Amino acid sequence: MFRIYSKDQSGKLYLSPYADVHISEELLSVRQMIFNQTLTFPCSREDGKKLVRSLQDGIRDEDLLKLISGISTADDLESEEVLRDWIRAGVLE
Amino acid sequence: MITEERVSGYRKGKLTVFGTVALIGESSAYVIRPETGTGLAMDLASLSALRKQEIQDDLAFTMVQRGLASYDRSRDLSAWHEDVRPEFFLIDLTKTCNLSCRYCFREFEKNYPVMTEEMIDEISSCLIAYWREHPYLKLSLQPWGGEPLICLPLIRRLRRNFDRAGLFPKIMIETNGTLITEETAAALKEDRIDIGISIDGNAVVHDLQRPLAAGGGSLRFVEQGVDNLRKAGYSGFGTITVVTENTIRHLSEVLEYFANLHVRSIKLNMMRRNSRNLGLAPDPKEFGGYLDSLLGYLYRLYQRHVPIVEQNIAQRLLNLVHRPDNNICNAHGCHGGYRMLSFDSLGKIFPCELSDFPDYCIGSVKDHDLRGMVEKAIESGHEYFRPKDQSECKDCPWRYFCRGGCRSAAKFACGDPSRLDTTECAFNKALYPRLVAILLQDRGFAEYLQSGDVE
């Protein structure tokens, strides 16, 4: 989770190190500890793990949108809204 | 090694970049905002841009997300408020002990009674009522002493009381380990009691510092207790060690002893000076050398794939990487009263187990409104809760985590809990830069220091 920021990472989104992640059978739940925001995202445990792994490694926003659409019933507009919510809550950086 | 540099804050349009402290290594730096304890590691090119106040949008975005900058007054991390929500309770069963440790700070008053069964029932009722009123809390209970196992029936009674109520708090003890017979180990296991054992290391150090009250070394009894715990099925217990001048002198043997004991978790607590044994407490000037030796030895254990974690180091690394605010003493200063309370054997309640000065009593077991009790003490300006004087901390990068240290240690040292805990201060100032250096240079070792996990 610890990363050293450099220009090479520009354009990718990462999971905030201040995000406390809980994955259950049907829900990904993330609490952003420094801004005290909590978000939930309905998905299977496996998909939740896949999503978190991608965010830990860094992912381009268009790829993240595809990933979100692929593991939920959200359409493109809803996926973009999910992404915006996560950014607003400080879960993504 | 790491160099420290202030980086000024600035405003550019709607972007406000806060003042930070940069800890600079060979090819990268860790930038921390002391007010919030949030930070970001970056390469030196990014640091250079930050110094010149010319950061690009992508770095600005990351800094906003970490509370190091704000955009159009987007969020304010400094509006932090600490709630009173005690979750960790110490229960002082007895001051009696079968050891006579040379650094012990407890007052062995002859008229201090051992807790009665009626009192443990009353404390159980108080905590059960409190928990039912605040079911979202996670309660942890620690019967302690003196030596808590002198009162094993009370510990078992405490568990039974909660079992009967259908509530299952974490119950843990820190014991000197000498009284753990096979029967005691089986009873503790049956009652799901977590165990921490006080061991100061190999026989040379341990027996010198922790002799039996009746005379003679205690280590062989502790080792027998450890064997009995393992026979009863315990594997995950940790150890607590008081670091003295002797420990520092024999550090490599002490750590090798723990590695050979196959302990997964150790906690090396720096001894604070007290009036009884001034000569035993390490001088803060020695902390740097001590930490270099400790980290060097842990690195060798890492290379040998020995799974072991030192909890003081792990906690501070967690602070740097995740800022979890999860520790009552070391994550964001002292949370005595706010997150913990201590019951004495007469049912009097104190903000912390180390603050059992008579005038620090803030209530009694008969009062079930534990939160209200603390809030009232805070509002009335009770000495324990007075804000820490952090005038000496204003330039310190680590002040979010330390906040002037332990209130009780300051009270013991100079009679005023709002003063600086000089041991904690010196320890943090010595340890954090070393941990930043490890984070920047060797992430594998940093991971190991946080968890003790080996491949």
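Details of the structure are given in the entry above.
Report follows, based on the coordinates.

Definitions and cut-offs
- Within each chain, residues carry numbers counting from 1 in the order of the written sequence.
- Labels are handed out in written order, letters beginning with A for the chains and numbers beginning with 1 for the ligands.
- Totals for whole chains, interfaces and linings use all residues, but because this is a predicted model, local features are given only for residues with pLDDT of at least 70 and pairs of side-chain atoms are given and counted only at 80 or more.
- The basis for every side-chain value is the complete set of heavy atoms in the structure, and neither hydrogens nor water enter the calculation.
- We count a stretch as a helix when DSSP gives it H or I for four or more residues in a row; a strand needs E for two or more, and each element gets its number in order from the N terminus.
- Buried means the residue's accessible area, taken with a 1.4 Å probe over protein chains only, is under 20% of the maximum for its type, while exposed means over 50%, and partly exposed covers the values in between.
- Any two residues whose heavy atoms approach within 4.5 Å at even a single point are treated as in contact.
- Aromatic contacts are taken between Phe, Tyr and Trp rings whose centres are within 6.5 Å, Trp giving its six-membered ring; a plane angle under 30 degrees counts as stacked, one over 60 as edge-to-face, and the others as tilted.
- In what follows, salt bridge is the name for a side-chain nitrogen of Lys or Arg lying within 4 Å of a carboxyl oxygen of Asp or Glu.
- Each helix should span, by expectation, one fewer than its residue count multiplied by 1.5 Å.
- Pairing between two strands requires that DSSP report at least two bridges joining them.
- Only the stretch in contact is used when a helix axis is fitted, and all axes are lines through C-alpha atoms; the angle between N-to-C directions ranges over 0 to 180 degrees.
- Each angle receives one of four descriptions, namely roughly parallel if under 35 degrees, roughly antiparallel if over 145, roughly perpendicular if within 65 to 115, and oblique otherwise.
- A clockwise turn of the near helix away from the far one marks a right-handed crossing, whereas an anticlockwise turn of less than a right angle marks a left-handed crossing.
- The residue classification treats Ala, Val, Leu, Ile, Met, Phe, Trp, Tyr, Cys and Pro as nonpolar and Asp, Glu, Lys and Arg as charged. All others, Gly included, are polar.
- Candidate patch residues must exceed 30% relative accessible area and have no salt bridge, after which like charges are joined if within 9 Å and Val, Leu, Ile, Met, Phe, Trp or Tyr side chains if within 5 Å.
- To be clear on the numbers: accessible area is Shrake-Rupley with a 1.4 Å probe, and residue cover counts the displayed protein chains and nothing else.
- The positive count covers Lys and Arg only, the negative count covers Asp and Glu only, and His and the chain ends enter neither.
- The atoms used to mark charge sites are NZ of Lys, CZ of Arg, CG of Asp and CD of Glu.

Position of Arg323(B) relative to the elements: it lies in the loop between helix H11 (311-322) and strand S15 (340-343). Looking at Arg323(B), the relative accessible area reads 5%, which means it is buried. Between the alpha carbons of Arg323(B) and Gln224(B) there is a distance of 39 Å; along the sequence they are 99 residues apart. The contacts of Arg323(B), once residues within four sequence positions are left out, are Tyr18(A), Met33(A), Ile34(A), Thr36(B), Gly37(B), Thr38(B), Leu318(B), Tyr400(B) and Phe401(B).

Residues and elements named next belong to chain B. All chains considered together, the criterion is met by 18 aromatic pairs over all chains. Ring centres of Phe89 and Tyr130 lie 5.8 Å apart, and the angle between their planes is 80 degrees; this geometry places the pair in the edge-to-face category. Here Phe89, found in strand S8 (residues 88-92), pairs with Tyr130, found in helix H3 (residues 117-133); they are 41 residues apart in sequence, far enough to count as distant. Both rings, one in Phe287 and one in Phe427, keep their centres 6.1 Å apart while their planes meet at 75 degrees; by these two values the pair is edge-to-face. Remark: Phe427 occurs in helix H15 (residues 422-441) and Phe287 occurs in helix H10 (residues 287-303); sequence separation between them is 140 residues. Grouping aromatic residues by their ring pairs yields a cluster made of Tyr338, Phe357, Tyr360, Tyr384, Phe385 and Phe412.

Scanning the model with the defined rule gives 30 salt bridges over all chains in all. Salt-bridge contacts for Arg399(B) lead to Glu35(B); the nearest nitrogen and oxygen are separated by 3.1 Å. Taken together, the positions of Arg399(B) in helix H13 (residues 399-402) and Glu35(B) in the loop between strand S5 (28-33) and strand S6 (38-43) put the pair 364 residues apart, joining distant regions of the chain. For Arg399(B), a relative accessible area of 17% puts it in the buried group. Since its relative accessible area comes to 45%, Glu35(B) is described here as partly exposed. Put simply, Glu81(A), Arg84(A), Asp85(A) and Arg88(A) are held in one network by salt bridges that share partners.

A few words now on H11(B). Residues and elements named next belong to chain B. With 12 residues, H11 extends 16 Å between its outermost C-alpha atoms, agreeing within 8% with the 16 Å of an ideal straight helix rising 1.5 Å per residue. Among the 12 residues in H11, 10 count as buried, and that is most of the element. For H11, the complete set of buried residues consists of Asn312, Ile313, Ala314, Gln315, Arg316, Leu317, Asn319, Leu320, Val321 and His322.

All names here are of chain B. Tracing the backbone through its elements, the reader meets Tyr384 in the loop between helix H12 (370-379) and H13. For the pair Tyr384 and Tyr360, spaced 24 residues apart in the sequence, the C-alpha separation amounts to 7.1 Å. The residues contacting Tyr384, other than those within four sequence positions of it, are Cys334, Gly336, Pro351, Cys352, Ser355, Tyr360, Arg407, Ser408 and Pro417.

A word on the sheet that holds strand S5 (residues 37-42) of chain A. Residue and element names in this part refer to chain A. Strand order across the open sheet formed by 3 strands is S3-S4-S5, with antiparallel pairing between neighbours. Where the open sheet ends on each side, the last strands, each with one partner, are strand S3 (19-23) and S5. Shown here is a sheet whose adjacent strand axes are inclined to one another by a mean of 15 degrees, direction ignored. In this structure, S3 lies alongside strand S4 (residues 27-32), joined through 5 bridges in antiparallel fashion.

Glancing now at the packing of H11(B) against H15(B). Residues and elements named next belong to chain B. The interhelical angle for the contact between H11 and H15, taken along N-to-C directions, is 65 degrees, at an axis separation of 10 Å. With respect to H15, the axis of H11 lies roughly perpendicular. Crossing geometry of H11 relative to H15 is assigned as right-handed. Residues Asn312, Ile313, Arg316, Leu317, Asn319, Leu320 and Val321 of H11 lie in contact with H15, whose contacting residues are Glu424, Phe427, Asn428, Leu431, Tyr432, Leu435, Val436 and Leu439. When its residues are assigned to classes, the contact of H11 with H15 shows 10 nonpolar, 3 polar and 2 charged.

Take a negative patch on the surface next. A surface patch of like charges, here negative, comprises Asp83(B), Glu133(B), Asp367(B), Asp369(B), Glu375(B) and Glu379(B). Of the residues examined, Asp369(B) reaches a relative accessible area of 42% and is grouped as partly exposed.

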